[in-house]
Structures are given as C-alpha cells and as structure tokens.
Amino acid sequence: MARLLDPAGRKIEYLRLSVVDSCNLRCFYCRPGDSCEPRRARAILDRETLARVVAAAATLGIRKVRLTGGEPLLRPDIVDLTRDIAVIPGIEDLSLTTNGSKLAGLAAPLAAAGLKRVNISLDSLDGKNFSQITRGGRLRATLDGIRAAYSAGLLPVKINMVVMKGINDHEIENFARLTMEKDIHVRFIEYMPMLGQEDPWREHFLPSSEIMARCAALAPLVPVPDTDFHGPARNFRYAGATGRLGFITPVSRHFCRQCNRLRLTSDGKLRPCLFSDVEVDLLPAIKNREDLAPYFYEAVRAKPAASDRSPASRGSELGPRGMVEIGG
Ligand code: SAM
C-alpha cells in the first residue's frame, strides 16, 4: 500500500476533519472578538464528499480519523456521516471532538453508527464560570452529554480543559481530583494565542509546567505510556486511580517530531500543520472527480518539519483562520 511519509520521515496516519465551521458556543478564547451572533453558514463539504476524501486517505495509510469543527454535532447528518466513515476499510479509530452540549441525545446513535470515542471540551465545573467562558453555554447540557457518552460506551471519555490564568486556573485541582474518583481522562491544554489577541493571551497564559506542578501537589503523578497513535498529551495518573491526566503543550513545547496528522478544513483544504498557513485545495479535484492521492502527497510534502512560529513570534499562532474553520 502507498504510504504518506513526509520529508522529515514521519508516517502520516491521522486525519482530522472539520465537518462544519459554525458552533453553538462562543468560547471567547476560540472566537476572540467574535460577536455572539451565529456565524454566516458557509459551504461545507457534503457527506458523500467527506466519505470520498476519507476513503482516498485510507488507501494511503490513514488509520485514524477525528470529526471536529466548529461543533460537529450541529451537522444534521452527523450520525449518517459517522456510519459512512466507520465502514471505510482501513479506518481503525474514529473519534469526535465536541463541546458536549448536544451529546446527550446523540451519544447512543453515534456509538451505534461506529464512533469509538469522544473528547469533550469543558473549561469549568462552575455553571456561572462556564457560561461566561462560553458566552451563554449551559454547563448542565455538557455534563448530561458526558454521562451519555459513558452510557453509550464511548470510552475512554476525554475532557479537554483550556487552562487560563485568572479565569479557570482555580479549578485545576477540581479537574485533577475527578481522575481520582472516575475513569475519566482530563487533558489540560495550554491556551494558544489567536490572531490579534496578544494581550488577553499574555495575561491569561499559564504554562503546562505550572499546571502540572499544581496537579502534582495533590499527589505524585505516575507516568502512563502513550498508546494513542502518538497523541500530543503527556499522560499521568495518580497511584491507584483509574482516571488519567494529560498535559498538552502547543505553546511551551511543540510536539512536531511526533506529529502524524493532516487536517481537512470545513471548506475542503488539506492543511499539513495547524501552525502553518499552507493549504492544498481539494475542491477542484473533488469537482472533477480526480484521483485525490496526488493532493495528499502534495500536502504531506509541504508539512513543516517543525512549527516555524517560535515562542518569540507568539501572538499569531493560528494565523488568519481560527480553530472553528481549521478544526481544533
Ligand atoms: N466544538 C468542538 C469542541 O468544543 O470541542 C470542537 C472544536 S474546538 C475548536 C476544538 C478544541 O480546540 C477545543 O477543545 C477547544 O478548547 C480548543 N481550542 C480552541 N481555541 C483554543 C485556544 N485558543 N487555545 C487552546 N485550545 C483552543
């Protein structure tokens, strides 16, 4: 089988699909400056096209797919799309990243359609703080979604918390304690700067080293080996606990050397690196029903060996396109 091997020798096996660019929450750190008005819906790839892209990717060695966005559960056909992708030969792992607000009613149908796991974004366990961070979200809806994910067997349930000094860092210990009591993976993510948002970012950024020190102050952290297709998190657990803690360091320590992923934006561009603006447009080839393999090779050839956005140039980390379009 043809393989996607980039110039730095990395085997590319993981494709993240942004299946929609709109979101029903307005997390201020993700959509800085964005008003609370819903975004103008733009053309997004239809179900058949997405399945075609994944099928092409699978013949090139992609084994892991994650559905993200925007908020993927806003797609009315998300269950059917999941089913289409789950049956593609070669796709061994199909997961989804969601804010959880619509998961309560969808977890069981998604699991039945072949979804294996979910990552749920949850930045606060306090209803008021949650609502402020998400600009209007309801904590209860996301907690119901988490429960439904457990009941549906979408395991392990991973919780992603973006840690921000002065906003939710006082909740680090509460999140860490959850892993002592429950079979849950809490992943602490460093806050990344978005274009034009240098000031709030600088004020609220907390490095992973400090987050980890706070968790280790509760009890010693035991390292857990990586079993997740070279995931970006460094994983630990507390002795005797079933839950895990992960630390993701997009700012203080890029994980470029292990990066095995490509992204597809909601408007059909292959993006080799979250932090580079290079994109390969698949749309013309899709329209002409061309073989997509050469475009995958082109994207993989363009994958930077390491992020060129050094710590000194922080402030434009994600370039002009935000996470909702690129697919966080
Ligand atoms: N709507 C889904 C959700 O909320 O999980 C998927 C899309 S969201 C863009 C994916 C992830 O990106 C979330 O975990 C979110 O917290 C993270 N994210 C967005 N902006 C970020 C930033 N500035 N720094 C760190 N993580 C960010």
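Residues numbered from 1 in each chain as written. Predicted model: local features only at pLDDT ≥ 70, side-chain atom pairs only at ≥ 80, totals over all residues. Heavy atoms only, no water.

## Points about the overall build of the protein
Move 1: Counting its regular elements, the protein contains eleven helices and twelve strands.
Move 2: Looking at the protein residue by residue over its 328 residues, the buried ones come to 56%.
Move 3: Partitioning the intrachain contacts of the protein with sequence separation of at least 6 by distance along the chain shows that 73% fall at a separation of at least 24.
Move 4: For the protein, the computed accessible surface area is about 13,600 Å², with 54% contributed by carbon and sulfur atoms. (Helix = DSSP H or I, 4+ residues; strand = E, 2+ residues; numbered from the N terminus. Buried < 20%, exposed > 50% of the residue type's maximum accessible area, 1.4 Å probe, protein only. Contact = heavy atoms within 4.5 Å. Areas by Shrake-Rupley, 256 points an atom, 1.4 Å probe, with all protein chains shown as cover.)

## Description of the site of the ligand
Move 1: Not every one of the 18 residues close to the ligand is listed here, only the nearest: Tyr29, Gly70, Glu71, Ser121 and Met192.
Move 2: Contact distances for the ligand include 2.9 Å between a nitrogen atom and a backbone N or O atom of Met192.
Move 3: Summarising the interface, the protein chains cover 95% of the accessible area of the ligand, which totals 550 Å² for the free molecule.
Move 4: Counting residues per element, the ones that place at least two in the shell around the ligand are strand 3 (93-98) and strand 5 (158-163). (Near = heavy atom within 4 Å. Polar contact = N/O pair within 3.5 Å; in protein donor to acceptor, adjacent residues only side chain to side chain.)

## Details of the sheet that holds strand 1 (residues 14-18)
Consider a sheet: its strands pair through backbone hydrogen bonds, and that pairing is either parallel or antiparallel.
Move 1: Strand order across the open sheet formed by twelve strands is 7-8-9-6-5-4-3-2-1-10-11-12, with mixed pairing between neighbours. At either end of the open sheet lies a strand with only one pairing partner, and these are strand 7 (221-224) and strand 12 (280-281).
Move 2: In the sheet, strand 7 pairs with strand 8 (residues 234-238) via four bridges, with the strands oriented antiparallel. Residue pairing in the sheet places Leu221 in a bridge with Tyr238 of strand 8.
Move 3: Contacts from helix 5 (residues 139-151) reach strand 4 (117-121) and strand 5, with the element oriented near 165° to strand 4. (Pairing = 2+ DSSP bridges. Axes fitted to C-alpha atoms, helices over the stretch in contact; angles between N-to-C directions.)

## Some remarks on the nonpolar core
Move 1: One finds Leu17, Ile78, Phe188 and Phe296 to be the most contacted residues of the largest nonpolar core, which totals 75 residues.
Move 2: Here the element with the most residues in this core is helix 1 (residues 47-59); it accounts for six residues.
Move 3: If near-sequence neighbours (up to four positions away) are discounted, Phe296 is found in contact with Leu4, Val53, Ala56, Ala57, Leu60, Leu262 and Leu270.
Move 4: Grouped together as the second largest cluster of nonpolar side chains are 20 residues, Cys23, Cys27, Tyr29 and Phe275 included. (Core = buried A, V, L, I, M, F, W, Y, C linked by side-chain atoms within 4.5 Å.)

## So, the environment of Arg135
Move 1: Its place among the elements puts Arg135 in the loop between helix 4 (127-134) and helix 5.
Move 2: Along the primary structure Arg135 and Cys27 are separated by 108 residues, whereas in three dimensions their C-alpha atoms are 6.1 Å apart.

## Overview of the pattern of salt bridges
Move 1: Inspection of every chain in the model, using the stated rule, returns 17 salt bridges.
Move 2: Among the ionic pairs, Lys269 bridges to Asp281, the shortest N-O distance being 3.9 Å. One end of the pair, Lys269, is in strand 11 (residues 269-271); the other, Asp281, is in strand 12, and twelve residues separate them in sequence.
Move 3: Classification of Lys269 as buried rests on a relative accessible area of 19%.
Move 4: Counted as one network, the salt bridges with shared partners bring together Lys11, Glu13, Arg63 and Glu92. (Salt bridge = Lys/Arg side-chain N within 4 Å of Asp/Glu carboxyl O.)

## Examining unusual backbone geometry
Move 1: Here the residue pair Leu155 and Pro156 is connected by a cis peptide bond, since its omega of -5° sits within 30 degrees of zero.
Move 2: In this fold, Pro156 is placed in the loop between helix 5 and strand 5.
Move 3: Unusually for a residue other than glycine, Arg135 sits at a positive phi of about 50°.
Move 4: The phi dihedral of Arg289 falls on the positive side, at around 50°, and the residue is not glycine.
Move 5: The residue Arg289 is located in the loop between helix 9 (283-287) and helix 10 (293-301) in this model.
Move 6: Arg289 gets classed as exposed once you look at its relative accessible area, which sits at 55%.

## Thoughts on the packing of helix 6 (residues 172-181) against helix 8 (residues 208-216)
Move 1: Where helix 6 contacts helix 8, the two axes come as close as 9 Å, and the packing angle between them is 60°. In terms of their interaxial angle, helix 6 and helix 8 are classed as oblique. Relative to helix 8, helix 6 is oriented so that their crossing is right-handed. Residue-level contacts link Ile172, Glu173 and Ala176 of helix 6 to Ile211, Arg214 and Cys215 of helix 8.
Move 2: Each residue belonging to the contact of helix 6 with helix 8 can be placed in one class, and the counts come to four nonpolar, no polar and two charged. (Parallel < 35°, antiparallel > 145°, perpendicular 65-115°, else oblique. Left-handed = near helix turned anticlockwise from the far one by under 90°. Nonpolar A, V, L, I, M, F, W, Y, C, P; charged D, E, K, R; others polar.)

## Comments concerning helix 8
Move 1: Among the residues of helix 8, Ser208, Ile211, Met212 and Cys215 are the ones counted as buried. Each buried residue of helix 8 lies within a common arc of 95° when the element is viewed along its axis, so the set occupies one face.
Move 2: Residues of helix 8 that are buried sit in contact with strand 5, helix 6, strand 6 (185-190), strand 7, strand 8 and strand 9 (244-248). (Arc of directions from axis to C-beta.)

## Observations regarding the pairing of strand 6
Move 1: Counting buried positions along strand 6 gives six out of six residues, so the element sits mostly inside the fold.
Move 2: Along strand 6, one buried face is formed by His185, Arg187 and Ile189 and the opposite face, lined by Val186, Phe188 and Glu190, is buried too.
Move 3: Judged from the six bridges that link them, strand 5 and strand 6 form a sheet pairing that is parallel. Looking across to strand 6, one finds that Met161 is bridged to Phe188.
Move 4: Traced from strand 5 through helix 6 to strand 6, the parallel crossover comes out right-handed.
Move 5: Relative to strand 9, strand 6 runs parallel, the two being bridged by five bridges. Opposite Ile189, over in strand 9, you have Ile248 as the bridge partner. (Right-handed = clockwise from strand over helix to strand, strands pointing away.)

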